[in-house]
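Here's the letter readout for the chains.
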Amino acid sequence: MSVKKFAKESAVIMTEMVLPNDTNTLNNLMGGKLMHWMDVVAAIAAQKHSNSIVVTASADNISFQQPIALGNVVTLKAQVTRAFKSSMEVIIEVIAEDIPANKKIITNRAFFTFVAV
Ligand SMILES: CC(C)(COP(=O)(O)OP(=O)(O)OC[C@H]1O[C@@H](n2cnc3c(N)ncnc32)[C@H](O)[C@@H]1OP(=O)(O)O)[C@@H](O)C(=O)NCCC(=O)NCCS
């Protein structure tokens, strides 16, 4: 964690598509699947930032304001917002896109904390 780095240098953008195996019985994305993607994208940003292996230490309140439908394309953006001694706070923004309808909505924002080990 000694090399100075701008947050933009370790920012990560990940794109996924909601497939049938990712959905609940209403054909919307399962919350747990989205949390998995959020954890992965944020961990990559923290790893890039610290040049270390990181573990998830905590996740703040995650609320699901909008369902994400089967077939939607989900873009997850993660960026380190603060780095401490060995821990890093990372913001994750989730955008769901219905490509045929040309509609994009921000569905979630959350902060996760990772610790470099
Ligand atoms: C996170 C973990 C490495 C912290 O270990 P620890 O021995 O308690 O660490 P320390 O008390 O020395 O603290 C190390 C850093 O972690 C931070 N930290 C520890 N627990 C934390 C928590 N729950 N939330 C946020 N930060 C935390 C401390 O603030 C400290 O930050 P700093 O170095 O920037 O000042 C340890 O609890 C762990 O391995 N947890 C399991 C992680 C894991 O497996 N995650 C996957 C989910 S199952």
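Higher on the page you've got the structure.
All figures in this text were calculated on a predicted structure; none of them were measured in a lab.

1. As for the overall build of the protein
The helix and strand tally for the protein stands at 2 helices and 5 strands. Starting at the N terminus, the α and β elements of the protein follow one another as α-β-α-β-β-β-β. In terms of overall dimensions, the protein is globule-like: its C-alpha atoms have a radius of gyration of 15 Å, near the 13 Å expected for 117 residues. Along the first, second and third principal axes, the C-alpha atoms of the protein reach 45 × 25 × 20 Å. Split into buried and exposed, the 117 residues of the protein put 36% on the buried side. Intrachain contacts of the protein at a sequence separation of at least 6 include 68% that bridge at least 24 residues. Counting every atom, the protein has about 7,000 Å² of accessible surface; 54% of that belongs to carbon and sulfur.

2. A closer look at the pattern of salt bridges
Evaluation of the coordinates by the stated rule reveals 2 salt bridges. Across the pair Lys33 and Asp22 runs a salt bridge, and its minimum N-O distance is 3.8 Å. Here the residue Lys33 occupies a position in helix H2 (residues 31–50), and Asp22 occupies one in the loop between strand E1 (12–17) and H2, the gap between them amounting to 11 residues. Overall, the relative accessible area of 9% leaves Asp22 in the buried class. Linking Arg109 and Glu93 is a salt bridge whose minimum nitrogen-to-oxygen distance equals 3.0 Å. With a gap of 16 residues between them, Arg109 in strand E5 (residues 103–116) and Glu93 in strand E4 (residues 87–98) connect regions that are remote in the sequence. A relative accessible area of 49% means that Arg109 is categorised as partly exposed.

Rules behind the numbers
Residues numbered from 1 in each chain as written. Predicted model: local features only at pLDDT ≥ 70, side-chain atom pairs only at ≥ 80, totals over all residues. Heavy atoms only, no water. Helix = DSSP H or I, 4+ residues; strand = E, 2+ residues; numbered from the N terminus. Rg over C-alpha atoms; globule rule 2.2 N^0.38 Å. Buried < 20%, exposed > 50% of the residue type's maximum accessible area, 1.4 Å probe, protein only. Contact = heavy atoms within 4.5 Å. Areas by Shrake-Rupley, 256 points an atom, 1.4 Å probe, with all protein chains shown as cover. Salt bridge = Lys/Arg side-chain N within 4 Å of Asp/Glu carboxyl O.

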